[in-house]
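Fold and contact review
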2 protein chains.
Amino acid sequence: MDHLDEKACKSAGMAVRDTLDTINGKWKLLILLTLFKGGKRRFRELSKEINISPRVLSRELQELEMNKLVSRTVSDTRPVTIEYNITPYCQTLGPVLRAMKEWGEQHRVEILGKKSV
Amino acid sequence: MDHLDEKACKSAGMAVRDTLDTINGKWKLLILLTLFKGGKRRFRELSKEINISPRVLSRELQELEMNKLVSRTVSDTRPVTIEYNITPYCQTLGPVLRAMKEWGEQHRVEILGKKSV
DNA sequence: GTAAACAGTTACAAAAAGGATACTGCTATG
DNA sequence: CATAGCAGTATCCTTTTTGTAACTGTTTAC
């Protein structure tokens, strides 16, 4: 963050806020990481695995899908099966998550590891 | 994000969540940016400038202070004046905010700029 | 044809976040 | 001594988020 005038600052704020909003909430990150590490899942599977009620899961998946971070594919087996997965686009979040992970780690040390200041 | 096993994934998730929690909420980012661009402020000044109720502002500032992102200094003028400012440590958030700003900007294009898919 | 699984939705309840307003204790100014 | 400003806190209220549980409609297996 450097040399930002009034306008640049406000628009930067909006962009940051957009990012914040798309990965925010109690579940979004967990859903993404779960799909990331274990691959595609069906609705019930996810629901049981991370212990989230269907109502909430449904909403979260819809939002993630709107943001193109998660794909929903219907296979016409009988009965139809529906699978959720992370999208290739989701990879673009990599730098953001990496930066957040690193800061979070060092911050934990900063806060907890230095009681004597 | 690559080659993360179960454990690494979980701890990365925690670190990301920590970061998320410290800058989350309706006001934290705005407060930081306001102090960043305009320098130190007093309680009432902030309250009026960004139009936040004292109750909420008080809580937010306390949380930011606990996370060492904002400093609170008491000058013993008469009457005492208290000034809030961002800390040098707050600069460490730079990479995170930059990454989020960039993703937010490109994401807006991705979502709004391509209606015909 | 009854039960059970799937992918959700609906209606309702609880909890968390945010907001409005009045108030405290202090000092200074008229 | 009344008024006003400062830095908050206390009380009450509204909105948003999250959770619980029951229910759709479809299909398959018994």
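As named in an unreviewed UniProt entry, chain A is Helix-turn-helix transcriptional regulator, taken from Chitinophaga hostae.

1. Structural notes on the environment of G13 of chain B
Looking at where G13 of chain B falls in the secondary structure, it is placed in helix α1 (residues 6–23). Discounting residues that sit within four places of it in the chain, G13 of chain B has contacts with L29 and L33 of chain A.

2. Observations regarding the relation of the copies chain B and chain A
Relative to chain A, chain B is turned by 180° and slid 0.0 Å along the rotation axis, the superposed coordinates differing by an RMSD of 0.0 Å. The transformation relating the two chain copies, once decomposed into turn and shift, fits a two-fold axis. Comparing interface residues between copies, 100% of those in chain B also sit at the interface in chain A, which points to an isologous, same-surface contact.

3. Examining the sheet that holds strand β2 (residues 70–75) of chain B
Residues and elements named next belong to chain B. Ordered in space as β1-β3-β2, the three strands form an open sheet in which the pairing is antiparallel. In the strand order of this sheet, the two ends are held by β1 (41–42) and β2, each with one partner. Note that β1 and strand β3 (residues 81–86) share two bridges and pair antiparallel. Within the sheet, the bridge partner assigned to R41 lies in β3 and is Y84.

What counts and how
- Per chain, residues are indexed from 1 in the order of the written sequence.
- Written order decides the labels, with chains lettered from A and ligands numbered from 1.
- Residue-level local features of this predicted model are given only where pLDDT is at least 70; pairs of side-chain atoms are given and counted only at 80 or more, and the full residue set underlies all totals for whole chains, interfaces and linings.
- Heavy atoms from the whole structure form the basis of all side-chain values; hydrogens and water molecules are not counted.
- Numbered from the N terminus, helices here are DSSP runs of H or I no shorter than four residues, and strands are runs of E no shorter than two.
- In what follows, a contact means two residues having at least one pair of non-hydrogen atoms within 4.5 Å.
- What sets the superposition is a least-squares fit of C-alpha atoms, and only residues with pLDDT of at least 70 in both copies go into it.
- Two strands qualify as a pair provided that DSSP identifies no fewer than 2 bridges between them.

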